[in-house]
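Observations on chain architecture
Read off the chains here:
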There are 2 protein chains.
Amino acid sequence: MTVILTLGQIRHAVEPLELIRAMEEGFVAYSQQRVTVPPVGHLNFDDPPGDCHIKYGFVRGDEHFVVKIATGFYRNPDAGLPSGNGVVLVFSQKTGELEVILLDEGWLTDVRTAAAGAVAAKHLGPRPAERIGIVGTGTQARLQLDWLRHVTQCREAAVWGRNGERAAACAREMSALGFRVRVEARLEHLCASCNLIVTTTPSREPLIEAAWLRPGTHITAVGADGAGKQELAAGVFAKADIRAVDSRRQCCEFGDAAHAVRAGIVAAESLFELGQIIEDARLARTDDRQITVADLTGVAVQDIRIAELVLRRTRLAVDG
Amino acid sequence: MTVILTLGQIRHAVEPLELIRAMEEGFVAYSQQRVTVPPVGHLNFDDPPGDCHIKYGFVRGDEHFVVKIATGFYRNPDAGLPSGNGVVLVFSQKTGELEVILLDEGWLTDVRTAAAGAVAAKHLGPRPAERIGIVGTGTQARLQLDWLRHVTQCREAAVWGRNGERAAACAREMSALGFRVRVEARLEHLCASCNLIVTTTPSREPLIEAAWLRPGTHITAVGADGAGKQELAAGVFAKADIRAVDSRRQCCEFGDAAHAVRAGIVAAESLFELGQIIEDARLARTDDRQITVADLTGVAVQDIRIAELVLRRTRLAVDG
């Protein structure tokens, strides 16, 4: 019998610290090459413009394998609908049976992306973070700040967006999370006042220049999740003392690091995977003035681990 | 809101003649290049052995796109479980929303494969069919014969399988469909007495030789659905007057025709797609002594069309 869980049930099952641990464990499994993740499947639509991504894979020896389907239709908000949508399917690795359908409407992808940002900050962020700078004003802007609360005591934040009104609205929501938030009109000023920065935009050209970064800054980029997107100038990777990625293979194909690698500015071998850094603290920050960068493009192992976490929690709830 | 349909509801919605028409229309759309079908996604498991195929695509201008996930775990029957399993997801091409989940347990794949066999026989089969020969004793063996009832009056059948007991059991079930069935101990004898033949085995070496085929015979091969599989000797394609395939591109990659093409025995250009033949009757049989062959490897457009048919029927039922 296939169990179907709705968004309400799924939300209820995600406990933040547990998810952060699950992401850490997933990244480690990935970097240890214990995960089978075929290339992402794509469908593209023209009228209206939209896309569908199919991510799937399994940790060898696990109980389950996972197929995640995520869609993005960017004109949906004109009709009052969310642009993102999706479903996560959990199958048995032993029988191929479809055990659980997670009708998450794309929420699990949002949350696992935010949790990965928290993992990057936990292992590479400055001690202490003085002010958190959020670049962008969308769903991930708020979620990244929300999830950073679990890995830092810092409650000072700044936000920048192309659209001032949206940035102000975003700042108000961020205040509700317990932060003192200021809106920065210029991105350069945000970089000057923050030493923990997260970029969350769909930009197709670099927004942040290397020269703007203070010594000791950590910057995580989560926006560039497909070909053609870029948030960080290639020089940021040249300047960084530590260059982290979620998947070296994928981050040499697309994302921010790919631009720096293709331009010959940094070598692919100089990129360390988050899973390697989690496993070996010697690869992390060794001095307060180091600049560190983490490029996160999203890997199916995150979908696998968050799905299993939901299953475990809902089973516990069912079994008593 | 995502609607979820179970196997019972799905079975109820499939009306044979309507499905045969839907398959015809789908093959025509495919051959007219109106369908986007990316390469199939695969996952393979070792312990226990199993696989997962992800087929997805859309007819441009349609209301929906479809993602089908099918699994095969061949030791499941040892534990009393079916080896095949699956689910079909129907999304809106306009918003990306997941509209319907068809919890079909693999049944739709079985049925659309059988319906495609009926389509091949309808357009290429001999008039009249004297006796139908079924090669193999599995699910498709029974289903192919079952569906041929919709396109031929012939109720004489013969069955052959490697395992005599299973062939006898299969023959009994086929009798219940209204056929006079005999079990053939030798495949050569089956070919001598039948002029409409369907091969449904997972064989990895050719079972049927060209010399065994009577003039006027049509033979449909549905078993070779992946690399390494083969049911028909390459000579069958050389001898055939008409060589049909569901997808020329795919049938040059794997399946029975691929062996003949790769061996240089027939040219890829000599293969006609079923969609072309349906559209242009001049490509079909023109004389009673012609030998015709159809190689069916399975195309996502079939999954799209059967899913839409189920949707249409269940909506009619809901709407009144």
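Look up: the structure comes first, before these words.
In this report, the structure presented in the accompanying data block is examined. Quick caveat, the model's predicted, so the values are computed rather than measured.

With that out of the way, let us pick up the overall build of chain A. Check the secondary structure of chain A and you find 11 helices and 17 strands. When the backbone C-alpha atoms are referred to their principal axes, chain A occupies close to 55 × 45 × 45 Å. Every one of the 320 residues in chain A was classed for burial, and the buried ones make up 61%. Put simply, of all contacts in chain A between residues at least 6 apart along the chain, 68% involve residues at least 24 apart. When the accessible surface of chain A is totalled, it reaches about 13100 Å², and 49% of it is carbon and sulfur. For chain A, the centre of its 36 positive side-chain charges and the centre of its 40 negative side-chain charges are spaced 4 Å apart.

A separate point is the packing of helix H4 (residues 139-148) of chain A against helix H5 (residues 164-175) of chain A. All names here are of chain A. Running from amino to carboxyl end, H4 crosses H5 at an angle of 25°, the nearest separation of the two axes being 10 Å. The angle between the axes of H4 and H5 places the two elements in the roughly parallel class. Where H4 crosses over H5, the handedness of that crossing is right-handed. On H5, the residues that touch Ala 141, Arg 142 and Leu 145 of H4 are Cys 170, Glu 173 and Met 174. Looking at side-chain class alone, the contact of H4 with H5 contains 4 nonpolar, no polar and 2 charged residues.

To continue, consider the sheet that holds strand S17 (residues 292-295) of chain A. As a general point, the strands of a sheet are linked pairwise by backbone hydrogen bonds and lie either parallel or antiparallel. Residues and elements named next belong to chain A. Spatially, S10-S9-S8-S11-S13-S17-S15-S16 is the arrangement adopted by the 8 strands of the open sheet, whose pairing is parallel. The open sheet has two edge strands with one neighbour each: strand S10 (180-183) and strand S16 (271-273). Put simply, the sheet's adjacent strands are angled 20° from each other on average, direction ignored. The pairing of strand S9 (residues 156-160) with S10 spans 4 bridges and is parallel. Bridge assignment links Ala 158 to a residue of S10, and that residue is Arg 182. Against the sheet, H4 engages strand S8 (132-135), S9 and strand S11 (196-199), with an angle of about 160° to S8.

This part covers the relation of the copies chain B and chain A. Laying chain B over chain A is done by rotating through 180° and shifting 0.0 Å along the axis; what remains is an RMSD of 0.0 Å. Both copies of the chain, as the preceding transformation shows, are related through a two-fold rotation axis. Taking C-alpha positions as reference, the residue of chain B nearest the rotation axis is Gly 41 of chain B, located at 3.6 Å. With an isologous cut-off of 70% or more, the 100% of interface residues of chain B that recur at the interface of chain A puts this contact in the isologous class.

We now examine the side chain of Gln 140 of chain A. Note on placement: Gln 140 of chain A falls in helix H4. Beyond its immediate sequence surroundings of up to four residues, Gln 140 of chain A is in contact with Asp 110, Thr 113, Ala 114, Thr 200 and Val 222 of chain A.

Before going further, it helps to examine unusual backbone geometry. Most of the time, phi is negative for any residue but glycine, and the peptide bond is trans. Of note, the bond from Asp 47 of chain A into Pro 48 of chain A is cis; its omega dihedral lies within 30 degrees of zero at 0°. Following the sequence through the fold, Pro 48 of chain A ends up in the loop between strand S3 (41-45) and strand S4 (50-59). Phi at Glu 105 of chain B takes a positive value of approximately 55°, unusual for a residue other than glycine. Relative to the elements of secondary structure, Glu 105 of chain B occurs in the loop between strand S7 (98-103) and helix H3 (107-124).

Take the interface of chain B and chain A next. Counting residues at the interface gives 36 residues for chain B and 36 residues for chain A. The junction of chain B with chain A conceals about 2800 Å² of combined surface from both sides, 76% of it contributed by carbon and sulfur atoms. Along the contact surface separating chain B from chain A lie 0 salt bridges. Taken together, the connections running from chain B to chain A amount to 6 residue pairs in polar contact (both at pLDDT 80 or more). For the side of chain B that touches chain A, the per-class residue count stands at 20 nonpolar, 13 polar and 3 charged.

Let's shift gears to the sheet that holds strand S15 (residues 292-295) of chain B. All names here are of chain B. The parallel open sheet is built from 8 strands, whose spatial order is S10-S9-S8-S11-S12-S15-S13-S14. Edge positions in the sheet fall to strand S10 (180-183) and strand S14 (271-273), since each has one partner strand and no second. Pairs of neighbouring strands in the sheet enclose a mean axial angle of 20°, with direction left out of account. The sheet contact formed by strand S8 (residues 132-135) and strand S9 (residues 156-160) spans 4 bridges and is parallel. Looking across to S9, one finds that Ile 134 is bridged to Val 159.

What counts and what doesn't
- Every residue gets a number counted from 1 within its own chain, in the order that chain's sequence is written.
- Each chain takes a letter, starting from A, and each ligand takes a number, starting from 1, following the order in which they are written.
- Whole-chain, interface and lining totals are the exception, using all residues; otherwise, since this is a predicted model, local features are given only for residues with pLDDT of at least 70 and side-chain atom pairs are given and counted only at 80 or more.
- The side-chain figures draw on all heavy atoms in the structure; neither hydrogens nor water molecules are used.
- Helical segments are the DSSP runs of H or I of at least four residues, strand segments are the runs of E of at least two, and each set is numbered from the N terminus.
- The buried label goes to any residue with under 20% of its type's maximum accessible area, the exposed label to any with over 50%, and the partly exposed label to all in between, with areas taken from a 1.4 Å probe on protein chains only.
- The contact rule is simple, with two residues in contact once any of their heavy atoms fall within 4.5 Å.
- Only the protein chains shown count as cover for residues, with accessible areas throughout obtained via the Shrake-Rupley method and a probe of 1.4 Å.
- Charge counting treats Lys and Arg as positive and Asp and Glu as negative, with His and both chain ends excluded.
- To locate a charge, the coordinates of NZ of Lys, CZ of Arg, CG of Asp or CD of Glu are taken.
- Every angle, taken between N-to-C directions, lies between 0 and 180 degrees, and every axis is a line fitted to C-alpha atoms, over only the stretch in contact when it is a helix.
- Roughly parallel means an angle under 35 degrees; roughly antiparallel means over 145; roughly perpendicular covers 65 to 115; every other angle is labelled oblique.
- Crossing chirality is assigned from the near helix's rotation relative to the far helix, an anticlockwise turn below a right angle marking it left-handed and a clockwise turn marking it right-handed.
- All amino acids are sorted into three groups, where Ala, Val, Leu, Ile, Met, Phe, Trp, Tyr, Cys and Pro are nonpolar, Asp, Glu, Lys and Arg are charged, and the leftover types, Gly among them, are polar.
- A pair of strands is labelled paired if DSSP reports no fewer than 2 bridges between them.
- Least squares is used to superpose the copies, and the fit set is the C-alpha atoms of residues whose pLDDT is at least 70 in both copies.
- Defined here as a combined quantity, buried area equals the accessible surface (1.4 Å probe) lost by two parts on assembly, summed across both.
- The working definition used for a salt bridge is a side-chain nitrogen of Lys or Arg within 4 Å of a carboxyl oxygen of Asp or Glu.
- For the purposes of these results, a polar contact is taken to be a pair of N or O atoms within 3.5 Å, where, inside protein, one atom must be able to donate a hydrogen and its partner to accept one; residues adjacent in sequence count only when each atom of the pair is a side-chain atom.

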